[in-house]
Amino acid sequence: MSKMKTTQATATNKKSLIFEMEKFIEKYKLPIAVISAAVLIVLPLLGLGQYIMRILIMIGIYSMLGLGLNILTGYTGQVSLGHAGFYAIGAYGSALLSLKFGLSFVPAALLGAALAALCGLLLGLPTLRLKGTYLSIVTLGFGEIVKMVLMNWDKVTNGTLGLKNIPRPSLFGFELTLANHGIYYLMLALVALVTLACIVIIRSKIGRAFMSIKEDELAATMMGIKTTRYKVLAFVISAFITGIAGAFYASMIGFIDPNSFTFDTSTLIISIVILGGMGTIRGMFLGSAILISFPEVSRFLMDYRFVVYGLILILMMRFRPQGMLGWQSQMPYKFPKLARKAMNPDKKEAKA
């Protein structure tokens, strides 16, 4: 009995320590965000070289991909194994609009992301009754269908040869490249906008509906939440964010082909969500930073680095299935100010 009590006390202490850590971050999130932003802005001025800058940009791209899938999987509980399909649609849509019609990056990216969102709507509607493994299989099939269309629709996508000479983003006639760090700062701006949008969505009525569907869809339905509408909306939002990342990737690389959007890409995206912590925002940055930089750091392991990569994921699933920052989603829910006022009308009258 004494050993059992000691174990329970230790677990409680660990839990409280994690909660205290999260409270500290939450309390000082503004200065932490300002310091982090300052560091990221200054990084290109340190002469890190184009190779390191490219890795940082890829971390930013996969952070956006993780944020997109996190809306669907982390907050709504709908598992997707075909997000590389939305990634490809955003990339090809934006690239074709730039090449065929001469559109600049911003309108091409928005239209490409809108096309991905439309495909998300078309995929979400027929899969409303599916859950778990069945939904995963359907989304996996969607990703493979998109890849096959890109490979065989030669007149539009140029087939396996891909699209070349995709115009780079420009600002007031000034081309943004790796050399002048313009593409890096554009990535930071996009990541910041996507992150802000995700925070606003999660803290809104829509976000609360997403989380209720994840916890108990039947209970959400009994409470009057239109689960059908919100599940489709989650697909659309997730696909739009993923399409934005795809449009930026195409413009940054300048060349895309179907092999850039394989099942391995979908696996990497969902691994980022799982590793960082489903249902968290900060976890997506941590997960992408680890999984994108790890293959580069572990090049000395040669062929064995993928074995180590797999072992890390297995150990995470065994000992910390909630992810590295998954404990954040276990914090007590913080009600909006209007909700707190509605629940405590006496305090409001007392102040008056």
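See the structure shown above.
Calculation rules
- Residues numbered from 1 in each chain as written.
- Predicted model: local features only at pLDDT ≥ 70, side-chain atom pairs only at ≥ 80, totals over all residues.
- Heavy atoms only, no water.
- Helix = DSSP H or I, 4+ residues; strand = E, 2+ residues; numbered from the N terminus.
- Buried < 20%, exposed > 50% of the residue type's maximum accessible area, 1.4 Å probe, protein only.
- Contact = heavy atoms within 4.5 Å.
- Areas by Shrake-Rupley, 256 points an atom, 1.4 Å probe, with all protein chains shown as cover.
- Patch = residues over 30% accessible without salt bridge, like charges linked within 9 Å, V, L, I, M, F, W, Y side chains within 5 Å.
- Salt bridge = Lys/Arg side-chain N within 4 Å of Asp/Glu carboxyl O.
- Expected span 1.5 Å × (residues − 1).
- Axes fitted to C-alpha atoms, helices over the stretch in contact; angles between N-to-C directions.
- Parallel < 35°, antiparallel > 145°, perpendicular 65-115°, else oblique.
- Nonpolar A, V, L, I, M, F, W, Y, C, P; charged D, E, K, R; others polar.
- Polar contact = N/O pair within 3.5 Å; in protein donor to acceptor, adjacent residues only side chain to side chain.
- Core = buried A, V, L, I, M, F, W, Y, C linked by side-chain atoms within 4.5 Å.
- 1 Å grid on protein atoms, 1.4 Å probe; cavity = no way out; pocket = protein on both sides within 12 Å on 5 of 7 lines; lining within 4 Å.
- Points joined across faces, edges and corners; volume = space filled by probe spheres on them.

Quick look at the overall build of the chain
Part 1 of the argument: The number of helices and strands found in the chain is 16 helices and two strands.
Part 2 of the argument: Across the 352 residues of the chain, 43% fall into the buried class.
Part 3 of the argument: The contacts of the chain with a sequence gap of at least 6 include a subset with a gap of at least 24, amounting to 76%.
Part 4 of the argument: Within the structure as shown, the chain displays about 19600 Å² of accessible surface, and the carbon and sulfur contribution to it stands at 69%.

Focus: a nonpolar patch on the surface
Part 1 of the argument: Where nonpolar side chains cluster on the molecular surface, the patch consists of Ile 41, Val 42, Leu 45, Leu 46, Leu 48, Tyr 51, Ile 52 and Tyr 185 and spans about 730 Å² of accessible area.
Part 2 of the argument: Elements supplying a minimum of two residues to the nonpolar patch: helix H2 (29-42) and helix H3 (50-75).
Part 3 of the argument: The class for Leu 48 is partly exposed, based on a relative accessible area of 33%.

Side note on helix H12 (residues 263-276)
Part 1 of the argument: Helix length check: H12, at 14 residues, gives a terminal C-alpha distance of 20 Å against a target of 20 Å (1.5 Å per residue), a fit within 8%.
Part 2 of the argument: Among the 14 residues in H12, ten count as buried, and that is most of the element.

Regarding the packing of H3 against H12
Part 1 of the argument: Contact geometry of H3 with H12 gives a least axis separation of 9 Å together with a crossing angle of 75°. As judged from the angle between their axes, H3 and H12 are roughly perpendicular. On H12, the residues touching Tyr 62, Leu 65, Gly 66, Leu 69 and Asn 70 of H3 are Thr 265, Leu 268, Ile 269, Ile 270, Ile 272 and Val 273.
Part 2 of the argument: For the contact of H3 with H12, the residue count by class is eight nonpolar, three polar and no charged.

Observations regarding the environment of Asp 257
Part 1 of the argument: Here Asp 257 lies in the loop between helix H11 (227-253) and H12.
Part 2 of the argument: Between the C-alpha atoms of Asp 257 and Thr 160, which are 97 residues apart in sequence, the distance is 6.2 Å.
Part 3 of the argument: Among all residues touching Asp 257, those that are not within four sequence positions of it are Tyr 92, Thr 160 and Gly 162.
Part 4 of the argument: A distance of 2.9 Å separates a polar atom in the side chain of Asp 257 from a polar atom in the side chain of Ser 260.

With respect to the environment of Ile 241
Part 1 of the argument: Relative to the assigned elements, Ile 241 resides in helix H11.
Part 2 of the argument: What makes Ile 241 buried here is its relative accessible area of 7%.
Part 3 of the argument: Put simply, Ile 241 and Ala 114 are 127 residues apart on the chain and 9.4 Å apart in space, counted from C-alpha to C-alpha.
Part 4 of the argument: If we ignore the near neighbours within four places in the chain, the residues touching Ile 241 are Met 64, Gly 68, Ile 71, Val 194 and Cys 198.

Topic: the nonpolar core
Part 1 of the argument: Ile 57, Ile 61, Tyr 62, Phe 210, Phe 248, Ile 256 and Phe 261 are the most contacted members of the largest nonpolar core, which has 79 residues in total.
Part 2 of the argument: With 14 residues, the single largest contributor to this core is H3.
Part 3 of the argument: If we skip the residues at most four places from it in the chain, Phe 261 touches Ala 84, Tyr 87, Ala 88, Ala 91, Tyr 92, Lys 147, Tyr 249 and Ile 256.

Focus on empty space enclosed by the protein
Part 1 of the argument: Using the criterion set out here, one finds one cavity of 30 Å³ or more in the structure.
Part 2 of the argument: Approximately 50 Å³ is the volume found for the largest cavity.
Part 3 of the argument: Around the largest cavity, the lining residues are Leu 81, Gly 82, Ala 84, Leu 140, Gly 143, Glu 144, Lys 147, Phe 261, Thr 262, Phe 263 and Ser 266.
Part 4 of the argument: Among the elements that line the lining of the largest cavity, the one with the most residues is helix H6 (residues 132-152), at four residues.

Observations concerning the pattern of salt bridges
Part 1 of the argument: Inspection of every chain in the model, using the stated rule, returns one salt bridge.
Part 2 of the argument: With a shortest N-O distance of 3.3 Å, Glu 217 and Lys 231 are connected by a salt bridge. Of this pair, Glu 217 sits in helix H10 (residues 217-222) while Lys 231 sits in helix H11; the two residues are 14 residues apart in sequence, bridging distant segments of the chain. Taken as a pair, Glu 217 and Lys 231 share a single burial class, namely buried.

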